[in-house]
Amino acid sequence: MTQADGLSYKDYLKVDRLLSLQKPRSKPAQHDETLFIIIHQTFELWFKEILNELEAVHRSLMKLNVREAIRLMNRVVTIEKLLIDQIHVLETMRPEDFLKFRDVLSTSSAFQSLQFREIEFFSGLKDPRFLLPLNRVAPSDYNRLKKRFEKPSIWDAFTFILMKHGFRVQLSPGEQDMGERERRKRKLEKETKAIVDLFSSEQHPDIRDLSEALLAHDQNFWLWRYHHMAVVERMIGMKIGSGSPHVTDVTGGLSSGVPYLKTTLSKRFYPALWKARTGFPIPSEEE
Ligand code: HEM
């Protein structure tokens, strides 16, 4: 961008277009609705950037470039720290101010955020209940989500790296034929053992660093869920929510709100990374 080519900051970033996208629906306009819209829009922008980075992490791992994957994963983790902080800006909004415009949100909820589910799926947390054709999801969004669900995840790429370095994470043909539940159990056991082995040896420091970056990504999502839930309880207490009805316990198409959010706190992208910690060996005195 030089002065010579006549491109301005405003044109490059499409600032006019960007600033025309905050349109409060409340009448008379409620002051805090602008904050509410901007917070959600900036979250969606950061979600886009996280997906962009996760794509690059995946590509790097497929090329066995672990150092580059760590570098970019650390960027994701840094952005997520920002998002954990950002949710608290909403605490400057008083519950009564939110309730003045809550009605205009109608049945819309960030529960329907496509990119949020894409990050979950791409990271490795694939809950098929989020794939049921939803009445409020456009077919193009549904197809996008389905593609993401079917594509190999970051965790698949990580286990590919483990395999390439001689760790046994693959199921045997006999195990492949087992029922879904047993197969999952065996897979988790193998992955957990591989991580314990990884941390029991001096070799592969890069893969250990990569696993720590993945763990930080998982932990930040978990923390975000917790912080978001606290902000929601502060804002609406135990009032019912407004998300899509198929996953949550529902009354008349509404989610249970905070009780639903509590159920999400146990979600993890990488259960093997957490489980392995219990099995990490205690270093001997000489080490
Ligand atoms: C006043 C502020 C907010 C309130 C009262 C609120 C309320 C809720 C409620 C009640 C739910 C449960 C589903 C539902 O009933 O809709 C939910 C889910 C969710 N919210 Fe918020 N929220 C707020 C701000 C935000 C912001 C700023 C984001 C950022 C994108 C966000 C992202 C989400 C996501 C991703 C879910 C789905 C979580 C899951 O299913 O694991 N929320 N929210």
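For the structure, see preceding data.
Residues numbered from 1 in each chain as written. Predicted model: local features only at pLDDT ≥ 70, side-chain atom pairs only at ≥ 80, totals over all residues. Heavy atoms only, no water.

Chemist: Whenever I open this one, the overall build of the chain confuses me. Can you help?
Modeler: Scanning the chain from terminus to terminus reveals 13 helices and zero strands. Secondary structure of the chain in N-to-C order comes out as α-α-α-α-α-α-α-α-α-α-α-α-α. The principal-axis extent of the C-alpha atoms belonging to the chain is close to 70 × 60 × 45 Å. Residues classed as buried in the chain amount to 39% of the 287 residues present. Of the roughly 16700 Å² of accessible surface on the chain, 56% is carried by carbon and sulfur atoms. (Helix = DSSP H or I, 4+ residues; strand = E, 2+ residues; numbered from the N terminus. Buried < 20%, exposed > 50% of the residue type's maximum accessible area, 1.4 Å probe, protein only. Areas by Shrake-Rupley, 256 points an atom, 1.4 Å probe, with all protein chains shown as cover.)

Chemist: Could you clarify how one ought to interpret helix 10 (residues 180-200) in this entry?
Modeler: Since the α-helix advances by 3.6 residues per turn, residues separated by three or four positions end up pointing in the same direction. An ideal rise of 1.5 Å per residue puts 30 Å on 21 residues; helix 10 measures up with 30 Å between its terminal C-alpha atoms. The set of residues buried in helix 10 consists of Glu191, Thr192, Ala194, Ile195, Val196 and Leu198. Its buried side turned inward, helix 10 meets helix 8 (154-164), helix 11 (205-236) and helix 13 (271-279). (Expected span 1.5 Å × (residues − 1). Contact = heavy atoms within 4.5 Å.)

Chemist: Please clarify how the site of the ligand should be interpreted in this entry.
Modeler: Neighbouring residues of the ligand: 27 residues in total, closest Ser109, Arg117, His228, Ser255 and Tyr260. At 2.5 Å, a side-chain N or O of Ser109 approaches an oxygen atom of the ligand. At a separation of 3.3 Å, an oxygen atom of the ligand approaches a polar side-chain atom of Arg225. Where the shell around the ligand is concerned, the elements lending two or more residues are helix 3 (31-62), helix 6 (114-123), helix 11 and helix 12 (258-263). (Near = heavy atom within 4 Å. Polar contact = N/O pair within 3.5 Å; in protein donor to acceptor, adjacent residues only side chain to side chain.)

Chemist: Help me out: how do you make sense of the coordination of the iron atom of the ligand in this one?
Modeler: Inspection of the coordination sphere of the iron atom of the ligand shows a single protein donor, His228 (NE2), at 2.2 Å. Within the secondary structure, His228 sits in helix 11. (Donors = N, O, S within 2.8 Å, 3.2 Å for Na, K, Ca; no water.)

Chemist: Can you walk me through the packing of helix 3 against helix 4 (residues 66-86) in this structure?
Modeler: Each pair of packed helices can be described by the angle between their axes along with the distance between the axes. For the pair helix 3 and helix 4, interaxial distance at closest approach is 8 Å and the crossing angle is 165°. Considered as vectors, helix 3 and helix 4 are oriented roughly antiparallel to each other. Note that helix 3 runs across helix 4; the crossing there is left-handed. Of the residues that constitute the contact of helix 3 with helix 4, the class distribution is 17 nonpolar, three polar and five charged. (Axes fitted to C-alpha atoms, helices over the stretch in contact; angles between N-to-C directions. Parallel < 35°, antiparallel > 145°, perpendicular 65-115°, else oblique. Left-handed = near helix turned anticlockwise from the far one by under 90°. Nonpolar A, V, L, I, M, F, W, Y, C, P; charged D, E, K, R; others polar.)

Chemist: What's the story with the packing of aromatic side chains in this structure? I'm lost.
Modeler: Think of a pair of aromatic rings as described by two things: how far the centres are apart, and how the planes are tilted against each other in angle. Applying the stated rule across the entire model yields 17 aromatic pairs. Ring pairs connect the aromatic residues Phe43, Phe47, Phe116, Trp155, Phe158, Phe221, Trp224, Phe269 and Tyr270, which therefore count as one cluster. Above the plane of the ring of Phe149 lies Lys126, whose end atom (NZ or CZ) is 5.8 Å from the centre. Of note, Arg268 hangs over the ring of Trp222, and the distance from its end group to the ring centre comes to 3.7 Å. (Phe/Tyr/Trp six-rings, centres within 6.5 Å; stacked < 30°, edge-to-face > 60°. Lys NZ or Arg CZ within 6 Å of the ring centre and 35° of its normal.)

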